[in-house]
Amino acid sequence: MGRKNDGVLKWTLIAICAIFLFIMLILPLIYIVATALREGFGAYAAALSDEYARKAVGLTIKATLWAVGLNTVFGICAAWCITKFNFKGKKIISTLIDLPLTVSPIIAGLIFVLTFGRQSFLYDYLKAAGISIIFAVPGVILATIFVTFPYISREIIPVLNAQGTDEEEAAALMGAKTFTIFRKVTFPHIKWALLYGVVLCTARAMGEFGAVSVLSGHLRGKTNTMPLYIELLYQGYDFTGAFAVSSLLVIMAVIVLALRSILEYKGKKESEQDR
Amino acid sequence: MADTVQNYVELHDINKNYGDFQASHQINFGIEKGKLVALLGPSGSGKTTILRMIAGLETPDSGEIKIDGQVVNHIPANKRGIGFVFQSYALFRYMTVYDNIAMGLQIQKVPKQQIKERVTELLDLVSLKGLENRYPNQLSGGQRQRVAFARAIAPNPQLLLLDEPFAAIDAKVRQELRSWLKEMIGKLGITSIFVTHDQDEAMEVADEIILTNRGRIEQIGSPSEIYTYPKTAFTASFFGQNAQLEGYQAFHTFGDVPGADKALIRPEFVKVYKLDEKQQYPESASIGTVEQISFRGDRTELQINVNGLLITAKRNLGESPIAVGEQVKVFLYRIFVLKGEEVILLENEAVNSNYFNI
Ligand SMILES: Nc1ncnc2c1ncn2[C@@H]1O[C@H](COP(=O)(O)OP(=O)(O)O)[C@@H](O)[C@H]1O
Ligand SMILES: [Mg+2]
């Protein structure tokens, strides 16, 4: 194999990647921005300040905050119990945590409809308690939580596994309480992985379409998240509106991506220091 | 082990299973106050398990653990007055040296000023002054071990447990740290148990050795006792630089042990003479050929073939040199004859005209 051949191979591969990224990513992004601004800034601003658009943004943020908040707590608990304790059924739990990654979001949505909808035995109790889940905001939040819950625990588990349980045991021998042990010993270890998981979870929560679509009922101004609202506008041939809201979602995604890179860089630097 | 002596730590009939694997089997021993004791045995023989049960990090399935005369089975680990040095030290990676040492005192809510005094005193004791603001990853292996030691003794424990305290340290520094630790523990007068798989380490550092094998205790005794008078086949083969000898009867003037399997000899049991050298018991020496000579600094080590049996012997530098291929006279003072689990010490009858069973 000559050096020259290597050079040809290298540049061919780079070209393929560049063309691929351009067609799959750059072009659509340009297209989104161009279409959003097709009728001028005025129309763009109007589309974004539309009441329904603002409500959709609000709901997306709300669902994302709920999902990230609950999944952070759940993720830490799950990762902690899987890595620090030995018990029967541990394998099952760690397999189940990954389920949302393999189940299609539409099916996830349907599962919740079956669980909380009219056919369910729970329905009467929920109705009596005045709680509506299907075609209501709680349903949207529930769906978002479901599709995003593996992200945080999956980031933390490998870090905790690599660390072992020695330091916690040392602290426990000194008489430290569980919460002190978590705060002083465990948390500093998982800090970066946790933040990274939060970022991934946020990105996924903002963009979720399938499961939310099944549970929301598409009530404009009530249960429409940004992705659902975009689809609605698009189906109604309001391209300026659809792409204007899309551009907003893209901006949010880019911010999250930037955060991700920063976190990855910082986390890596710190773990290098460890060696 | 006598009941008349007040033991500081006592284990009575301790058993411990992990699933269907028996990690500890009928463990019994007692440790006098102020003693430095080694739990010695091959890897996987259950040393760490015993140490962790004493600390309260594991619970025995049956049996009693007593510390200072009190049964501690149901006393939580942090109330047993124990300092523990973990095998990999388990220093808190995200805390400075100072905070590592201070942590135990902080948890006990000791006043800040007092903590400061104690930590300063300990930093001085383990010669780590000036490094209090470093993080563990900025220290050498030996320094980390000293931090772990200081951290363990900071709250003034009555009992110090150390799991393989030298395993993670370069061979060069290890020697130095062994004497350091022995001296330090002697100075503090704290009852200590340390785990090791290294016989030299145990013999050099410990007042007493507890030898473990497959979850059981093989023998307990002082280093010289356990080395010179092994009571089981395992103990005999664990210590020293043993060579196995099938058919020891080929050598002259050893009594016969009915049903014996094989014999062990240690280099110090062997004396080598050149053919023209004078020797004390000429009639009981065998003739062998030197196959290999290794230089060991203060002495040479010889591999000698005697009628097909390979024997290791040592020769001091002062003695006249021997060459490879040379014929020599080999005299064995004594051998360990193994018979099942038993070991029988046989003295050469030329020296001591009867053999005895121990
Ligand atoms: N938590 C555990 N679960 C299952 N088996 C264990 C556990 N801890 C130790 N063992 C087993 O018990 C045996 C003795 O272990 P250990 O006490 O660590 O030995 P040593 O310290 O002498 O090397 C080993 O075979 C080990 O695999
Ligand atoms: Mg061990």
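Computed from a predicted model, the values in this text were never measured in an experiment.

Draft legend 1. Structural detail: the domain arrangement of chain B. All names here are of chain B. In terms of domain boundaries, chain B breaks down into domain 1 (7–237) and domain 2 (241–347). The distance between the C-alpha centroids of domain 1 and domain 2 comes to 39 Å. Summed over both partners, the interface of domain 1 with domain 2 comes to about 750 Å²; 52% of that surface belongs to carbon and sulfur atoms. Summed over the three residues of domain 1 that lose the most area to domain 2, namely Y227, A233 and A236, the buried surface amounts to 58% of that side.

Draft legend 2. The arrangement of the domain arrangement of chain A in detail. Residue and element names in this part refer to chain A. One can read the domain layout of chain A as domain 1 (1–36) and domain 2 (41–274). Each of domain 1 and domain 2 was reduced to a C-alpha centroid, and the two centroids are 32 Å apart. Contacts between the two partners involve 5 residues from domain 1, matched on the other side by 8 residues from domain 2. Overall, the association of domain 1 and domain 2 removes approximately 510 Å² of surface from exposure, summing both partners, and the carbon and sulfur fraction of that is 85%. Its largest share of buried area at the contact with domain 2, domain 1 owes to I32, T35 and A36, together 80% of the area lost on that side.

Draft legend 3. Up close: the sheet that holds strand β10 (residues 216–221) of chain B. Residues and elements named next belong to chain B. With mixed pairing, 6 strands are arranged side by side in an open sheet as β6-β7-β8-β3-β9-β10. The strands lining the two open edges of the sheet, one partner per strand, are β6 (82–85) and β10. Direction aside, neighbouring strands of the sheet carry axes that sit 15° apart on average. When strand β3 (residues 36–40) meets strand β8 (residues 191–196), the two strands line up parallel, connected through 5 bridges.

Draft legend 4. Fine view of the packing of aromatic side chains. A complete count under the given rule lists 17 aromatic pairs over all chains for this structure. Ring centres of B:F149 and B:W180 lie 5.3 Å apart, and the angle between their planes is 70°; on these two criteria the pair is classed as edge-to-face. Taken as a pair, B:F149 in helix α4 (residues 141–153) and B:W180 in helix α5 (residues 171–188) lie far apart in primary sequence, 31 residues in all. One aromatic cluster is present, formed by A:F74, A:F112, A:F116, A:F146 and A:F149 through successive ring pairs. The ring of B:Y227 has B:R266 lying over it, and the distance from NZ or CZ to the ring centre is 4.2 Å. Here the basic side chain of B:K271 rests over the ring of B:Y273, its NZ or CZ set 5.9 Å away from the ring centre.

Draft legend 5. Local environment of the side chain of B:R266. All names here are of chain B. Note that R266 resides in the loop between β12 (262–265) and β13 (270–274). Only 3.4 Å separates the side chain of R266 from the backbone oxygen of F239, close enough to count as a polar contact. Other than its neighbours up to four places away in sequence, R266 contacts Y227, A236, F239, G240, Q241, N242 and F336.

Draft legend 6. Geometry of helix α1 (residues 47–55) of chain B. Residues and elements named next belong to chain B. The buried fraction of α1 is high, at 8 of 9 residues. Those residues of α1 that fall on the buried side of the exposure criterion are K47, T49, I50, L51, R52, M53, I54 and A55. In the stretch just after α1, G56 is the one whose phi turns positive, near 95°.

Draft legend 7. Region of interest: the pattern of salt bridges. For the structure shown, the criterion picks out 23 salt bridges over all chains. A salt bridge links B:R93 to A:E167; the nearest nitrogen and oxygen atoms lie 3.0 Å apart. Taken together, the residues span two chains, with B:R93 in the loop between β6 and α2 (97–107) and A:E167 in helix α10 (residues 166–173). Here B:R93 falls in the partly exposed class, since its relative accessible area comes to 30%. We note a salt bridge from B:E204 to B:R178, for which the minimum N-O separation is 3.0 Å. With B:E204 in helix α6 (residues 199–205) and B:R178 in helix α5, the pair connects residues that are 26 residues apart, well separated along the chain. Where salt bridges share partners, they join A:E169, B:K16, B:R52 and B:E58 into one cluster.

Draft legend 8. Highlighting the interface of chain A and chain B. Counting residues at the interface gives 18 residues for chain A and 21 residues for chain B. Remark: the boundary between chain A and chain B carries 2 salt bridges. One can count 3 residue pairs in polar contact (both at pLDDT 80 or more) joining chain A with chain B. Elements supplying a minimum of two residues to the side of chain A that touches chain B: α10, α11 (178–207) and α14 (239–274) of chain A. Counting residues per element, the side of chain A that touches chain B draws most heavily on α10(A), which supplies 7 residues. Split by residue class, the side of chain A that touches chain B holds 8 nonpolar, 4 polar and 6 charged.

Draft legend 9. Up close: the sheet that holds strand β1 (residues 7–18) of chain B. All names here are of chain B. A sheet is described by the order of its strands in space; here 4 strands give the open sequence β2-β1-β4-β5, paired in antiparallel fashion. Both outer strands of the open sheet, β2 (21–32) and β5 (70–71), are each paired with one neighbouring strand and no more. Looking at chain direction, β1 and β2 are connected through 8 bridges and run antiparallel. Counted as the bridge partner of K16 is S24 from β2.

Draft legend 10. Molecular detail of α2(B). Among the residues of α2(B), B:V97, B:N100, B:I101, B:A102, B:M103, B:G104 and B:L105 are the ones counted as buried. Where α2(B) is buried, its residues touch α10 and α11 of chain A together with α3 (112–125) and α4 of chain B. Backbone geometry just downstream of α2(B) places B:K109 in the positive-phi region, at approximately 60°.

Draft legend 11. Local environment of the site of ligand 1. Residues and elements named next belong to chain B. Lining the immediate environment of ligand 1, one finds Y18, F21, A23, P42, S43, G44, S45, G46, K47, T48 and T49. A distance of 2.7 Å is found between an oxygen atom of ligand 1 and a backbone nitrogen or oxygen belonging to G44. A distance of 3.2 Å is found between an oxygen atom of ligand 1 and a backbone nitrogen or oxygen belonging to S45. Listing elements by their share of the shell around ligand 1, those giving two or more residues are β2 and α1. It is α1 that provides the largest number of residues to the shell around ligand 1, a total of 3 residues. Split by residue class, the shell around ligand 1 holds 4 nonpolar, 6 polar and 1 charged.

Draft legend 12. Main features of the pairing of β10(B). Residues and elements named next belong to chain B. Inspection of the sheet shows strand β9 (residues 208–213) paired to β10 by 5 bridges, in the antiparallel sense. Note that in β10 the partner of L211 across the bridge is Q219. Two successive antiparallel strands, β9 and β10, enclose a turn made up of 2 residues, where R214 displays a positive phi of approximately 50°.

Draft legend 13. Quick peek at the packing of helix α3 (residues 51–84) of chain A against helix α9 (residues 150–163) of chain A. Residue and element names in this part refer to chain A. Axis separation between α3 and α9 bottoms out at 8 Å; the angle between their running directions is 30°. Relative to α9, the element α3 lies roughly parallel. Considering how the two elements wind past one another, α3 and α9 form a crossing that is right-handed. Contact residues: α3 offers V68, N71, T72, G75, I76, A78, A79, W80, I82, T83 and K84, while α9 offers I152, S153, I156, I157, L160, N161 and Q163. The residue makeup of the contact of α3 with α9, split by class, is 10 nonpolar, 7 polar and 1 charged.

Here is what the cut-offs are and how they apply
Residues numbered from 1 in each chain as written. Chains lettered and ligands numbered in written order. Predicted model: local features only at pLDDT ≥ 70, side-chain atom pairs only at ≥ 80, totals over all residues. Heavy atoms only, no water. Domains from an automatic or database assignment. Buried area = accessible area lost by both parts, 1.4 Å probe. Contact = heavy atoms within 4.5 Å. Pairing = 2+ DSSP bridges. Helix = DSSP H or I, 4+ residues; strand = E, 2+ residues; numbered from the N terminus. Axes fitted to C-alpha atoms, helices over the stretch in contact; angles between N-to-C directions. Phe/Tyr/Trp six-rings, centres within 6.5 Å; stacked < 30°, edge-to-face > 60°. Lys NZ or Arg CZ within 6 Å of the ring centre and 35° of its normal. Polar contact = N/O pair within 3.5 Å; in protein donor to acceptor, adjacent residues only side chain to side chain. Buried < 20%, exposed > 50% of the residue type's maximum accessible area, 1.4 Å probe, protein only. Salt bridge = Lys/Arg side-chain N within 4 Å of Asp/Glu carboxyl O. Nonpolar A, V, L, I, M, F, W, Y, C, P; charged D, E, K, R; others polar. Near = heavy atom within 4 Å. Parallel < 35°, antiparallel > 145°, perpendicular 65-115°, else oblique. Left-handed = near helix turned anticlockwise from the far one by under 90°.

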